[in-house]
Amino acid sequence: MRRKVIAGNWKMNCTPTEAKALCETLKPLVAGADADIVFCVPSIDITTVVEAVKGTDIKVGAENLYVKDSGAYTGEISADMIKDAGATYVIMGHSERREYFKETDADINLKVKKAIEKGLTPIMCCGESLEQREQGITLDWIRMQIKIGLQDVAADDVKKMVIAYEPIWAIGTGKTATTEQAQEVCKAIRDCIREVYDDATAEEVRIQYGGSVNAGNAKELFAQPDIDGGLVGGASLKADFGVIANA
Ligand code: 13P
């Protein structure tokens, strides 16, 4: 039985001071949740948030990493830095990074491998645009993202990963995919993993849905057989995240 994983993606929100306050608000609200709870936060907030959630089961994640271990890469952060700061998860391949920072599936594959090498749990994002959905190529697109993103990643490592399906048209728009649409793609991702790897890997990898998850729709989404939790943007910055974590 896969344990649910509910992650907040804070994106570029919260100064360290605000991050500390948000942790104090959210801690009691997620305390009883029967799921892995992860706060993925801006890199400058990681140490503050790690400190703020000490003594709870909440895990902390970064929102990106750079694939080099150290050196002249101004502005980037390495897996070792993330780990030493106390985070254990890291998001990669978010559609905002693909769109604004031109990250490709090949870049994301390198990030997945670096995170695994360093013992961080990758949350690898995929998702189609509205245009792609209307063209009927959603599943082809997602399968391509998964296959390239996981190239040369061993089955045992995939088992420990999290994959987040986030239709781009549902992110920050208030327009959630229907439960059927979300389940259909999450199942297709699992089938793709089964095809590339094996049954055991497909059954163990955790697949989240993300895109306008809120206190009202989380329960139904998370009840789907192939949806193992959510990657939550806007609603992770407020008390609603407590409701989602308990859904
Ligand atoms: P929203 O929940 O704000 O739609 O964002 C989803 C997301 O991008 C999480 O990574």
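From a predicted model like this one, the values you see are computed outputs, not experimental measurements.

Peer 1: Got a minute to help me understand helix 5 (residues 105-117) in this structure?
Peer 2: Each full turn of the α-helix corresponds to 3.6 residues, which orients residues three or four apart in the same direction. With 13 residues, helix 5 should reach 18 Å at 1.5 Å per residue; the first-to-last C-alpha distance of 18 Å fits that figure. Along helix 5, the residues that are buried comprise D105, I108, N109, K111, V112, K114, A115 and I116. Within two residues after helix 5, G119 carries a phi angle of roughly 80 degrees, on the positive side.

Peer 1: Explain the packing of helix 7 (residues 138-149) against helix 9 (residues 179-196) here, please?
Peer 2: Between two packed helices, the angle of one axis relative to the other and the distance separating the axes together describe the packing. The contact between helix 7 and helix 9 brings their axes to 10 Å, and the two run at 45 degrees. The angle between helix 7 and helix 9 places the two elements in the oblique class. Considering only the axes of helix 7 and helix 9, their crossing is right-handed. Residues T138, L139, I142, R143, I146 and K147 of helix 7 form the contact with helix 9, whose participating residues are E184, V185, A188, I189, C192, I193, E195 and V196. When grouped by side-chain class, the residues that make up the contact of helix 7 with helix 9 number nine nonpolar, one polar and four charged.

Peer 1: Looking at this structure, I do not really get unusual backbone geometry. What am I missing?
Peer 2: Unusually for a residue other than glycine, K11 sits at a positive phi of about 55 degrees. By the element assignment, K11 lies in the loop between strand 1 (5-9) and helix 1 (16-30). Although it is not a glycine, C14 adopts a positive phi angle of roughly 85 degrees. Looking at where C14 falls in the secondary structure, it is placed in the loop between strand 1 and helix 1.

Peer 1: Can you walk me through the packing of helix 5 against helix 7 in this structure?
Peer 2: Running from N to C, helix 5 and helix 7 point in directions that differ by 45 degrees, and their axes come no closer than 8 Å. Of the possible angle classes, the one that applies to helix 5 and helix 7 is oblique. Between helix 5, through D105, A106, N109 and V112, and helix 7, the contact on the second element is made entirely by M144, Q145, I148 and G149. Considering only residue class, the contact of helix 5 with helix 7 consists of four nonpolar, three polar and one charged.

Peer 1: Quick question: what am I supposed to make of the packing of aromatic side chains here?
Peer 2: Any aromatic ring pair is given by two values, namely how distant the centres are and how the planes are angled relative to each other. Tallied over the entire structure, the rule returns four aromatic pairs. Plain terms: the ring middles of F39 and F241 are 6.0 Å apart, the flat faces sit at 65 degrees to each other, and that makes the pair edge-to-face. On the criterion of sequence distance, the pair formed by F39 in strand 2 (residues 36-40) and F241 in helix 12 (residues 240-245) is long-range, its members being 202 residues apart. Each of the two residues, F39 as well as F241, counts as buried. Put simply, the rings of W10, F39 and F241 pair up and form one aromatic cluster. It is R97 that lies over the ring of F101; its NZ or CZ is 4.2 Å from the centre.

Peer 1: Could you clarify how one ought to interpret the sheet that holds strand 7 (residues 206-210) in this entry?
Peer 2: As a general point, the strands of a sheet are linked pairwise by backbone hydrogen bonds and lie either parallel or antiparallel. The eight strands are arranged 1-2-3-4-5-6-7-8 in a closed barrel whose pairing can be described as parallel. Adjacent strand axes in the sheet meet at a mean angle of 25 degrees when their direction is disregarded. As judged from the two bridges shared by strand 7 and strand 8 (residues 229-232), these two strands associate in the parallel manner. Among the inter-strand pairings, Y209 is bridged to a residue of strand 8, identified as G230. Contacting strand 5 (121-126) and strand 6 (162-165), helix 7 crosses the sheet at an angle of about 150 degrees to strand 5.

Peer 1: Would you take a moment to explain the pairing of strand 3 (residues 59-62) for this structure?
Peer 2: Moving residue by residue along a regular strand, the side chains alternate between the two faces of the sheet. Sheet topology places strand 2 next to strand 3; three bridges connect them, and they run parallel. Residue pairing for strand 3: C40 is matched across the bridge by G61. As a crossover connection, the stretch from strand 2 through helix 2 (residues 46-52) into strand 3 is right-handed. Across two bridges, strand 3 lies against strand 4 (residues 89-92) in parallel orientation.

Procedures and definitions
- Residues numbered from 1 in each chain as written.
- Predicted model: local features only at pLDDT ≥ 70, side-chain atom pairs only at ≥ 80, totals over all residues.
- Heavy atoms only, no water.
- Helix = DSSP H or I, 4+ residues; strand = E, 2+ residues; numbered from the N terminus.
- Expected span 1.5 Å × (residues − 1).
- Buried < 20%, exposed > 50% of the residue type's maximum accessible area, 1.4 Å probe, protein only.
- Axes fitted to C-alpha atoms, helices over the stretch in contact; angles between N-to-C directions.
- Parallel < 35°, antiparallel > 145°, perpendicular 65-115°, else oblique.
- Left-handed = near helix turned anticlockwise from the far one by under 90°.
- Contact = heavy atoms within 4.5 Å.
- Nonpolar A, V, L, I, M, F, W, Y, C, P; charged D, E, K, R; others polar.
- Phe/Tyr/Trp six-rings, centres within 6.5 Å; stacked < 30°, edge-to-face > 60°.
- Lys NZ or Arg CZ within 6 Å of the ring centre and 35° of its normal.
- Pairing = 2+ DSSP bridges.
- Right-handed = clockwise from strand over helix to strand, strands pointing away.

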